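Letter by letter, the chains look like this.
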Amino acid sequence: MIAIGITATDTDMGKTMVSGALSAAFNMRGLKAGVFKPAASGCVRMEDGRLLSTDADFLMTCAGIDKEEQSKVVPYVLEDALSPAQASRLAGVNIEPAVMTGKAAEMIGSKQITVVEGVGGISAPLTDDYLVKDFFKEINVPVLVVVKSILGNINHAVLTVEYAKSHGLNVLGLIV
């Protein structure tokens, strides 16, 4: 039961693509892979009224997890494309860190290796006083930092890695 956290210097850096690729690669090597995301915003409202996280849907496809298992992969799905803290406020949803960490532990405990994708950048707020770095610290997983190959991201990468380390996270490396 191994887990790897995937974070980034910002949103739209490629976390989902990296997370999906890693979980698919683990599966192809015969490992029973899991995926997890503590919350997802910018979700699509389906005709039946339920919200679909397209990120979680992609991750589940890559990991070979049945689509009906979305609630085990992402406990909070929010419609507005904002930080989970802000989107949950607008939706009247109370995000509980213990729910996110508990569900993450369940996924990690049920698979040989689990890829845990963060939300936005490492300091994105999941609640008003609980950030992505707090989530990774609490579930005690090492992290990879995804960095988009764009001008200025050397600085962002260094700052993200130093911030993560200063908060007690084990940074495995960078993926550009």
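Residues numbered from 1 in each chain as written. Predicted model: local features only at pLDDT ≥ 70, side-chain atom pairs only at ≥ 80, totals over all residues. Heavy atoms only, no water.

*Asks:* Could you give an account of the layout of surface pockets, with specific residues and numbers?
*Replies:* Picture a little ball the size of a water molecule; that probe, rolled over the atoms, points out where space is still empty. Here the largest pocket defines a volume of roughly 400 Å³. Looking at the largest pocket, it is lined by 22 residues, and the ones nearest its centre are Thr 11, Lys 37, Ser 41, Asp 55 and Gly 120. Mapped onto the lining of the largest pocket, the elements with two or more residues apiece are helix 1 (15-28) and helix 2 (54-63). Among the residues forming the lining of the largest pocket, the class breakdown is eight nonpolar, nine polar and five charged. (1 Å grid on protein atoms, 1.4 Å probe; cavity = no way out; pocket = protein on both sides within 12 Å on 5 of 7 lines; lining within 4 Å. Points joined across faces, edges and corners; volume = space filled by probe spheres on them. Helix = DSSP H or I, 4+ residues; strand = E, 2+ residues; numbered from the N terminus. Nonpolar A, V, L, I, M, F, W, Y, C, P; charged D, E, K, R; others polar.)

*Asks:* Can you tell me about helix 5 (residues 97-110), naming the residues and giving the values?
*Replies:* Helix length check: helix 5, at 14 residues, gives a terminal C-alpha distance of 20 Å against a target of 20 Å (1.5 Å per residue), a fit within 8%. Those residues of helix 5 not exposed but buried are Met 100, Thr 101, Ala 104, Met 107 and Ile 108. Seen end-on, helix 5 carries its buried residues on one side only, within an arc spanning 125°. Pointing more than 90 degrees away from the buried face of helix 5 are the exposed residues Ala 98 and Glu 106. (Expected span 1.5 Å × (residues − 1). Buried < 20%, exposed > 50% of the residue type's maximum accessible area, 1.4 Å probe, protein only. Arc of directions from axis to C-beta.)

*Asks:* Could you give an account of the sheet that holds strand 2 (residues 33-36), naming the residues involved and the relevant values?
*Replies:* The pairing of strands in a sheet happens through backbone hydrogen bonds and is either parallel or antiparallel. Taken together, the five strands give an open sheet; going across it, the order is 2-7-1-10-11, and neighbouring strands pair in parallel fashion. Two strands in the sheet have a free side with no partner beyond their single neighbour: strand 2 and strand 11 (171-175). Taken pair by pair, the neighbouring strands of this sheet meet at an average axis angle of 20°, ignoring direction. Both strand 2 and strand 7 (residues 113-117) contribute to a ladder of four bridges, which runs parallel. Residue pairing in the sheet places Gly 34 in a bridge with Thr 114 of strand 7. (Pairing = 2+ DSSP bridges. Axes fitted to C-alpha atoms, helices over the stretch in contact; angles between N-to-C directions.)

*Asks:* Let's hear about the packing of aromatic side chains: which residues, and what values?
*Replies:* This structure, assessed with the given rule, holds two aromatic pairs. A centroid spacing of 6.3 Å and a plane angle of 20° characterise the contact between Phe 36 and Phe 135, whose relative ring orientation is stacked. Residue Phe 36 is found in strand 2, and its partner Phe 135 is found in helix 6 (residues 132-139); the two are separated by 99 residues along the sequence. As far as the burial class goes, Phe 36 and Phe 135 line up, both buried. Residue classification places Phe 135 among the buried positions, given a relative accessible area of 0%. Through pairs of rings, three or more aromatic residues link up here, namely Phe 36, Phe 135 and Phe 136. (Phe/Tyr/Trp six-rings, centres within 6.5 Å; stacked < 30°, edge-to-face > 60°.)

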